[in-house]
There are 2 protein chains.
Amino acid sequence: MPTYTAPVKDHQFLLHEVLKVAESGIPGYEDLSPDFTTAVLEEAGKISGQVLAPLNAVGDKEGCRLENGVVRVPTGFQAAFDEVREGGWTGIDCDPDFGGQGMPGIIGTAVAEMFSSANQAFTMYQGLTHGAQSAIRVHGTDEQKAKFLPNMISCTWTGTMNLTESHCGTDLGLMRTKAIPQDDGSYKITGEKIFISAGEHEMSENIIHLVLAKIEGGPEGIKGVSLFIVPKIMVNDDGSLGETNGVTCGNIEKKMGIHGNSTCVMLYDSSTGYLLGEEHKGMRAMFTMMNEARLGVGMQGLAQAEAAYQNAVIYAKDRLQGRAVTGIENPDGPADPLIVHPDIRRSLLDQKSFVEGARAFLFWGASLIDQAHLLNDEDADGLVSLMTPVIKGFLTDIGYNMTVQAQQVYGGHGYIEESGMSQFTRDARIAMIYEGANGVQALDLVGRKLGAGGGKYVMAFFDLVKTFISENKENEALTDFINPLKQASKDLQAAGMFFMQNGMKNPNAALAGSSDFMHLFGHVCLGLMWGRMAKASVEALAGSPADPAFYENKLLTGRYYMARHLPATGMHLARIQSGAEVVMTMDAEAF
Amino acid sequence: MPTYTAPVKDHQFLLHEVLKVAESGIPGYEDLSPDFTTAVLEEAGKISGQVLAPLNAVGDKEGCRLENGVVRVPTGFQAAFDEVREGGWTGIDCDPDFGGQGMPGIIGTAVAEMFSSANQAFTMYQGLTHGAQSAIRVHGTDEQKAKFLPNMISCTWTGTMNLTESHCGTDLGLMRTKAIPQDDGSYKITGEKIFISAGEHEMSENIIHLVLAKIEGGPEGIKGVSLFIVPKIMVNDDGSLGETNGVTCGNIEKKMGIHGNSTCVMLYDSSTGYLLGEEHKGMRAMFTMMNEARLGVGMQGLAQAEAAYQNAVIYAKDRLQGRAVTGIENPDGPADPLIVHPDIRRSLLDQKSFVEGARAFLFWGASLIDQAHLLNDEDADGLVSLMTPVIKGFLTDIGYNMTVQAQQVYGGHGYIEESGMSQFTRDARIAMIYEGANGVQALDLVGRKLGAGGGKYVMAFFDLVKTFISENKENEALTDFINPLKQASKDLQAAGMFFMQNGMKNPNAALAGSSDFMHLFGHVCLGLMWGRMAKASVEALAGSPADPAFYENKLLTGRYYMARHLPATGMHLARIQSGAEVVMTMDAEAF
């Protein structure tokens, strides 16, 4: 059965040596001393490895069951959920006014990565709740906040997001769920929602559903969509629970993975709902949470890759098969361990160098969100908004591929469910789909984000890369990083130029290259991250650190990324520059 | 539920317009008139679409069960198996002296592709039997052939291949299964084998296991391995069935996919076995079938991609979501179909252009095997041996990725098992692993095949590409094909040169790039195939064909491959040229 060991040292390196959080000037970051974050992360690592990881296979095997209207979660989930909320983990980065611990979002992200690596299906129960409480915190009235936030932050009540209907996912303007205004200011909500993660279960005393619906008589399409708070059980004015609210689970979906999370068809039958935010502005309310939610899904991509990688390494060191081509390395054994073979190392380094680069990118994104929120920094907001579809789409696409590579290290044993390697791929697969399928992320990047602010955010990004290159180009220790980064960023600029020159005449010229652009952008981001990590490592090594091998291995891993992942940018550029014609010419009937 | 329609027209195009089978001079190919192959392929297509495809989801859902030593296959499998064998399909390309239909292997491959697209798990029962009967046909005594072949060719008895043990898959020299010689010339076989596809079931009257084992007292390691025929039920001299033979199924593995095939732990307890071929030459006996078996697995990679693609197309035309960016295309509907969106078309064309190129490569490989066998042509044998790891590794790696892309077209619905799109990916996943994991294919290609015959086969391959380019470089209708092929083949030659210059000093310099080389090689092969298909299409169009759109769409699809898949060669070359150092330097402990 797979195991998980939280990479605390890698997290600490990013927080304190790369991002240098304490010196960042972001409010709250000054409290993030190395001792403090070590304590938090080691404790989170302990729960992840000892409590959540052992339940991962259990959740996959048992799944959730609907029995007479009641959803049964897998064995052990309830006890673990109680332990997690009693430890205060569910509110670690939430508002202290409502019972949260008030740490910055970057710490929430770091902890969530660990929990998610250990057990993605389990962690989604609290993750969805976190998203729902964020929406209420930003858009709710004082009364709504007082009524719902404390119990959601403690996960005494959990939360959900209800967007999709069977005939519409991406195109929410087609939705049919109706909201009828009542005299007391509430609404009656009626409709059917599908793919509702954590939609029904009994791990919490109540479930607070956030539901998109159309108010009767409102505008057509997406402009008539509003967001509602719909409790599973009505909440009385004194905070006690009242009647049920016509909210039922119609079915539990049989999915490829994340079996431990109850993905429900939710039925609303004249259920009482309270408008969250303004009428017909439901999409805006959703979108303010989007950066955070998509960052969370991007995180899942690297989290599964990390967990799968760890187990592939253990297997590669343990499994004896064949002999090293350059001479026997394990003379006392019947064969050498897999890790002596170049192609196994190639696979493991593909994984390792991606995961560590991806984590740096994720943490940087989380710090920009903190900077945007806590300093009201519009530039930071614009930059992270630009990168959000890349974090979501690129990290989950490549993260998934890496779980497949990790599974491959196991040979035939990887295909047997008992090894647990299949589960990593099946669980990772969903992250490419939900919270906006990756094709939609690419469309968002190319169709909206590139041009946002008149292009100033993408120019700011290029400036960052350019500045990093020019500041470090004389540093010979970084040559292996600066040169490839230069080439990759040149490819990215050429792709942007191609879009500018062709996309105005024909938007398809840009959109036909959108997925490739997202990947090209992702590689440049990870290249920049590796440049920064390499620089921090070189600086650390100059100071005679206690553990020089840690920094030397960082440099080796980063060199691998630059040498072996980054050449993908040329391929993506060539695909982009081949333009719209090869994509758009064929008649639909000829497919 | 997914459907499958056999691509008979594409098959016919390859056989008669690209490979021009009737003019090839290969014995038996002269009988392959268009009318004849149409009749065979349409009938095979009917069985695939109407009988096998509807059982695909059933097999996935029910799986196989071990009950009191008896293996139960999914509902409907027995009746379909009877229908397939009564139709003579199991022996279509087998020796007529033993009841086969004697068609060339290329027809067997074409039919197997259809069956496999429709239901991979089901088709493996006959596929394994086919492999086992080939081994007996090539290495068996006249007595063994007479005793086993007729019933295996008709699938009255099925067959298996027993190689793997729990501690050894790739490194078979470590195996522990023992064979003890008996006075009557037979052996007593004792041991445990795992991952035995179709190892136990009751769809056939008997199961003929081919088992690798070590004869007691023989040489150590791989040089002491012999191959044995071990029937589940003893066969009397008059051909009737006798006693059971100590062969039992210890367990059925729970796998990620191909649930409809019973993957067994097989226990041999002093079971009677008959030596097949020579003592201690078991690996040689296995390897003579390897080209055929690996070609069959490569076929599965494209077969699953084809089936998944077909269903992605249906969904993309049917599902209404969003509007075309260039203007509404479905004014009477609430939204436009997915297929108007550039990134959806990009994904579908990635799939379509790969599948059609891969099929051409597969058919070419099958025709080379026929040429090698039927004409005793060593050059053809050398060429197909060189390309076999590419057919197996490249087609299954990319084929798998294409099933993932097809699933992605379905959005959230693709993650729900009911859509069937998850099954395509889960079933396709095994093909990257079995019959030699793809890393082993890459090792075989770079470590053995490149240098085989003093490098004459790889030179012959380059000559083929060069000749095609020089013969067609003046043809303006082929410019979009010739130029990219030239560049890609230059990349392949540069990679080969890098190996030559560096691999002698340090074999790891070649092996660290082996997987990339396999992919680079694969793209050049598919580029060459598209060049040939384009040429055939241009020629057909010059003759005012009945269906010009068919050829025009071939050209469009091929142009897409050249513009959008082929640029991967530059990336693979860069990865290869980065050499062994970035792969081999890090200590195992640092992973």
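Residues numbered from 1 in each chain as written. Chains lettered and ligands numbered in written order. Predicted model: local features only at pLDDT ≥ 70, side-chain atom pairs only at ≥ 80, totals over all residues. Heavy atoms only, no water.

## Considering the relation of the copies chain B and chain A
Okay, step 1: Mapping chain B onto chain A leaves a residual RMSD of 0.0 Å; the transformation is a rotation of 180° accompanied by 0.0 Å of translation along its axis. These values place the two chain copies in the arrangement generated by a two-fold rotation axis. Identified as the residue of chain B closest to the rotation axis by C-alpha distance is B:M571, at 3.1 Å.
Okay, step 2: Comparing interface residues between copies, 100% of those in chain B also lie at the interface in chain A; the contact surface is shared. (Least-squares fit on C-alpha atoms with pLDDT ≥ 70 in both. Contact = heavy atoms within 4.5 Å.)

## Some words on the pattern of salt bridges
When the charged atoms of two side chains lie near each other, side chains of opposite charge can form a pair.
Okay, step 1: Taken as a whole and judged by the stated rule, the model has 55 salt bridges over all chains.
Okay, step 2: Ionic pairing is found between A:R294 and A:D444, a salt bridge with its closest N-O pair at 4.0 Å. In this pair, A:R294 is assigned in helix α9 (residues 290-318) and A:D444 in helix α13 (residues 438-449), connecting sequence segments 150 residues apart.
Okay, step 3: For A:R294, a relative accessible area of 9% translates into the label buried.
Okay, step 4: Its relative accessible area of 7% is what places A:D444 among the buried residues.
Okay, step 5: Beyond isolated ion pairs, a larger network of salt bridges with shared partners links A:D343, A:R346, A:D350, A:R564, B:D516 and B:R575. (Salt bridge = Lys/Arg side-chain N within 4 Å of Asp/Glu carboxyl O. Helix = DSSP H or I, 4+ residues; strand = E, 2+ residues; numbered from the N terminus. Buried < 20%, exposed > 50% of the residue type's maximum accessible area, 1.4 Å probe, protein only.)

## Structural notes on the packing of helix α1 (residues 8-18) of chain A against helix α18 (residues 548-565) of chain A
Residues and elements named next belong to chain A.
Okay, step 1: Close contact between α1 and α18 brings their axes to 12 Å; oriented N to C, the two are set at 85°. One way to sum up the angle between α1 and α18 is to call them roughly perpendicular. Judged by residue contacts, K9, D10, F13 and E17 of α1 engage F550, Y551 and K554 from α18.
Okay, step 2: For the contact of α1 with α18, the residue count by class is 3 nonpolar, no polar and 4 charged. (Axes fitted to C-alpha atoms, helices over the stretch in contact; angles between N-to-C directions. Parallel < 35°, antiparallel > 145°, perpendicular 65-115°, else oblique. Nonpolar A, V, L, I, M, F, W, Y, C, P; charged D, E, K, R; others polar.)

## A word on helix α5 (residues 105-118) of chain B
Okay, step 1: Helix length check: α5(B) (14 residues) gives 20 Å between terminal C-alpha atoms against 20 Å at 1.5 Å per residue, within 8%.
Okay, step 2: Of all the 14 residues making up α5(B), 13 are buried; the element is thus mostly covered by neighbouring parts of the structure. (Expected span 1.5 Å × (residues − 1).)

## Here we look at the domain arrangement of chain A
By convention, interface size is frequently given as the accessible area that disappears when the constituent parts associate.
All names here are of chain A.
Okay, step 1: When its domains are assigned, chain A resolves into domain 1 (8-138), domain 2 (158-281) and domain 3 (450-581).
Okay, step 2: Together, the buried faces of domain 1 and domain 2 total about 2,100 Å²; carbon and sulfur atoms form 71% of this surface.
Okay, step 3: Contact with domain 2 buries surface across domain 1, with V71, Y125 and L128 losing the most and accounting together for 26% of the total.
Okay, step 4: At the boundary of domain 1 with domain 2, the tally comes to 0 salt bridges.
Okay, step 5: Run the count over domain 1 and domain 2 and you get 9 residue pairs in polar contact (both at pLDDT 80 or more).
Okay, step 6: Put simply, the parts of the chain that give the side of domain 1 that touches domain 2 at least two residues each are α3 (56-62), β1 (65-67), β2 (70-72), α4 (77-86) and α6 (120-139).
Okay, step 7: Counting residues per element, the side of domain 1 that touches domain 2 draws most heavily on α6, at 10 residues.
Okay, step 8: Class assignment of the residues belonging to the side of domain 1 that touches domain 2 gives a composition of 15 nonpolar, 6 polar and 4 charged. (Domains from an automatic or database assignment. Buried area = accessible area lost by both parts, 1.4 Å probe. Polar contact = N/O pair within 3.5 Å; in protein donor to acceptor, adjacent residues only side chain to side chain.)

## Quick look at the environment of A:S353
Residue and element names in this part refer to chain A.
Okay, step 1: Here S353 lies in helix α10 (residues 342-375).
Okay, step 2: In this structure S353 comes out as buried when scored by relative accessible area, which is 0%.
Okay, step 3: Not counting residues within four places of it along the chain, the set of residues in contact with S353 comprises W530, T557, Y560, Y561 and H565.
Okay, step 4: Within the structure, S353 has its side chain in polar contact with the backbone oxygen of L349 (distance 2.7 Å).

## With respect to the packing of aromatic side chains
Given two aromatic rings, one states the distance between the centres and the angle between the planes to describe the pair.
Okay, step 1: Applying the stated criterion across every chain, the model contains 30 aromatic pairs over all chains.
Okay, step 2: Seen from their ring centres, A:F77 and A:F122 are 5.3 Å apart, and the 80° between their planes marks the pair as edge-to-face. Here A:F77, found in helix α4, pairs with A:F122, found in helix α6; they are 45 residues apart in sequence, far enough to count as distant.
Okay, step 3: The exposure class assigned to A:F77 is buried, which follows from its relative accessible area of 0%.
Okay, step 4: Three or more aromatic residues link up through ring pairs in this structure, and these residues are A:F461, A:F462, A:F499, A:F517 and A:F521.
Okay, step 5: When the ring centre of A:Y274 is taken as origin, the NZ or CZ atom of A:K147, which lies over that ring, is 5.5 Å away.
Okay, step 6: Its guanidinium or amino end placed over the ring of B:Y400, B:R429 lies 5.7 Å from that ring's centre, counting from NZ or CZ. (Phe/Tyr/Trp six-rings, centres within 6.5 Å; stacked < 30°, edge-to-face > 60°. Lys NZ or Arg CZ within 6 Å of the ring centre and 35° of its normal.)

## A look at the pairing of strand β6 (residues 206-215) of chain B
Residue and element names in this part refer to chain B.
Okay, step 1: Counting buried positions along β6 yields 10 of 10 residues, so the element is predominantly enclosed.
Okay, step 2: Two elements, strand β3 (residues 157-162) and β6, share 6 bridges in a ladder whose sense is parallel. Paired with N162 across the strands is V211, a residue of β6.
Okay, step 3: The sheet contact formed by strand β4 (residues 178-181) and β6 spans 2 bridges and is parallel. By the bridge assignment for β6, K178 is matched with K214. (Pairing = 2+ DSSP bridges.)

## Examining the side chain of B:K255
Okay, step 1: Looking at the secondary structure, you find B:K255 in the loop between β10 (247-252) and β11 (263-275).
Okay, step 2: A distance of 2.9 Å separates a polar atom in the side chain of B:K255 from a polar atom in the side chain of B:T263.
Okay, step 3: For B:K255, the contacting residues outside a window of four places in its chain are A:Y415, A:I416, A:E417, B:N261 and B:T263.

## A word on the confidence of the model for chain A
Okay, step 1: Across chain A, the average pLDDT comes to 97, with 100% of residues at 70 or higher.
Okay, step 2: For this predicted complex, the interface confidence reaches an ipTM of 0.97, while the overall pTM sits at 0.98. (pLDDT = per-residue confidence, 0-100.)

## Some thoughts on the packing of helix α11 (residues 378-409) of chain B against helix α12 (residues 421-429) of chain B
All names here are of chain B.
Okay, step 1: Contact geometry of α11 with α12 gives a least axis separation of 9 Å together with a crossing angle of 170°. Relative to α12, α11 is oriented roughly antiparallel. Facing Y400, T403, V404, A406 and Q407 of α11, the residues of α12 in contact are M421, S422, F424, T425, A428 and R429.
Okay, step 2: Here the contact of α11 with α12 is built from residues that sort into 6 nonpolar, 4 polar and 1 charged.

## Regarding helix α19 (residues 568-577) of chain B
Okay, step 1: Burial runs high along α19(B): 7 of the 10 residues are buried.
Okay, step 2: Those residues of α19(B) that sit buried are B:A568, B:T569, B:M571, B:H572, B:L573, B:R575 and B:I576.
Okay, step 3: Tucked inside the fold, the buried residues of α19(B) contact α10, α18 and α19 (568-577) of chain A together with α15 (479-503), α17 (514-542) and α18 (548-565) of chain B.
Okay, step 4: After α19(B) finishes, the residue B:G579 shows a positive phi value of roughly 80°.

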